[in-house]
Amino acid sequence: MKKQFTLGAALLMTTTAASASGIDRNLTNYGLLFETGNYAELSYANVSPSVSGTYGPTATALGGGATSTDVMSKDFETLSGSVKYDLTDKLALGLFSNQPFGANADYTNGFYTGLAAEWDSRGTSIVLKYKVTPNISVYGGARSIVSQATIDIPDQLIRVQYGLAAQQLGDAAAAAAAGGDLATAGALGQQAQQLGAIATTTPVGGLTYKATTDSDRQTSYIVGAAYERPEIALRVALTYESGYTHSFESVESFGGIDTDPMTTNIEMPDVYTLDFQSGVATDTLVFGSIRHATWSDWEVRPPVYGASIPASPVGSARVTGIDTDTTTYRIGVGRKFSDAISGFARVTYEPGNGDVLSRLSPTDGSIAYGFGGSYTNGAIKVTGGVEYITFGEGDDNENALLATNFSDNDAVAVGLSVGYRF
């Protein structure tokens, strides 16, 4: 049983950004560490997501009657490269470069027009693998990730948050007065008046918000272990990638007036991945993975925004965030048709969690179907694949009048990799 299916299956790792949780964009293929001999690979992917929502009655009215957000997700590309080099019979070095995280949202229709966000990253990893026995290997190393982000929130979204918060405080003041607590009622009423005044008297455009960060580089570590039975192409590997915290130097502005630079801390997730493969028949391989990421750690809460914007039924004092960790399951099969040609197919499932959706990443779970093939000619291998992803639906608010429903959304991803054995 040859291992050539492993790389074919791994190609679609470059397209998982359309289906993976959080802002995953391009996962690192540590399976390259188990290639026979020295090997280098360059991979490219293009992802075309189509994500849109239908406004609730209130948002439709506030947006001039527009019922749809139109497509708010932008196409993107990823490029990654990796090299595995045997230092000794037991010790191998792996170098990886990719774009691990990313986001690109832009609303152009209706009430959310002007809401946009972008996250760019570049990661570099260095990993050493040591073969303890013919069947057991351990590996570990470090990765360095540099990221940068921008966020734009239009005046109308922030204005309505102030107005609804004022109404909420007014209702609470009335309830306190009815209960005889006049001191609390007075304090709540005063706060309601202040927020209401901001919503009604601030000139149009004066509440428009923008935040821009400088690039920030952070380092985390990678550890893993694997068990192999080469005679049946069996391998089970467990990898841990530690989380880290970006400390972005960020400038925020309201109505075009910049604040002094301040630090915005954003915690990135821990990731646990169990990969497996096994021969099941002559020239046939089954492969898969289970990946768990602690995306509940991740939220974007710039300091001035967090201190200035009141919590309300249409949002909290954070720009965006994820409330639940996610687990992604993959299963596939590879088949060798000749010494030169092999093919593979896989299914990826990420269950939805039922949380209120983030407007900047408004999907809840996914199912993806991918297939492709490899052609080998001497030391060169070319692999291509395509993946179709359907996204789970949900609302971005618990209030039906305010909620925008995101449903019937999907994406198409295509990838190409070229490998060279040396």
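Quick caveat, the model's predicted, so the values are computed rather than measured.

Enquirer: I'd like a rundown of helix H4 (residues 182–201), residues and numbers included.
Expert: The terminal C-alpha atoms of H4 lie 28 Å apart, and with 20 residues this matches the ideal 28 Å at 1.5 Å per residue to within 8%. Taken as a whole, H4 has its buried residues at Ala185, Leu188, Gly189, Ala192, Leu195, Gly196 and Ala199. On an axial view of H4, the arc spanned by its buried residues comes to 135 degrees, and they lie on one face. Relative to its buried face, H4 has exposed residues pointing more than 90 degrees away, namely Ala183, Gln193 and Thr201.

Enquirer: Explain the nonpolar core residue by residue, including any values.
Expert: Counting residues in hydrophobic clusters, the biggest one holds 59 residues, and the most contacted among them are Trp119, Ile153, Ile158, Met268 and Trp298. Beyond its immediate stretch of four places on either side in the chain, tryptophan 298 contacts Ile23, Trp119, Ile266, Glu267, Met268, Thr320, Gly321 and Ile322.

Enquirer: Requested: an account of the layout of surface pockets, with residues and values cited.
Expert: By volume, the second largest pocket is sized at about 270 Å³. Along its surface, the second largest pocket is lined by 18 residues, and Phe34, Glu35, Lys84, Lys129 and Lys131 are the ones closest to its centre. Every element with two or more residues in the lining of the second largest pocket is listed here: strand S3 (76–86), strand S4 (91–98) and strand S6 (116–131). Considering only residue class, the lining of the second largest pocket consists of six nonpolar, three polar and nine charged.

Enquirer: Lay out the sheet that holds strand S2 (residues 53–54) with the relevant residues and their values.
Expert: Here we have three strands laid out as an open sheet, ordered S2-S23-S22, and antiparallel in their pairing. Of all the strands in the sheet, the pair left with one neighbour each is S2 and strand S22 (394–395). Taken together, the two bridges between S22 and strand S23 (residues 405–406) define a ladder with antiparallel strand orientation. The partner of glycine 394 across the bridge, within S23, is phenylalanine 406.

The rules behind each value
Residues numbered from 1 in each chain as written. Predicted model: local features only at pLDDT ≥ 70, side-chain atom pairs only at ≥ 80, totals over all residues. Heavy atoms only, no water. Helix = DSSP H or I, 4+ residues; strand = E, 2+ residues; numbered from the N terminus. Expected span 1.5 Å × (residues − 1). Buried < 20%, exposed > 50% of the residue type's maximum accessible area, 1.4 Å probe, protein only. Arc of directions from axis to C-beta. Core = buried A, V, L, I, M, F, W, Y, C linked by side-chain atoms within 4.5 Å. Contact = heavy atoms within 4.5 Å. 1 Å grid on protein atoms, 1.4 Å probe; cavity = no way out; pocket = protein on both sides within 12 Å on 5 of 7 lines; lining within 4 Å. Points joined across faces, edges and corners; volume = space filled by probe spheres on them. Nonpolar A, V, L, I, M, F, W, Y, C, P; charged D, E, K, R; others polar. Pairing = 2+ DSSP bridges.

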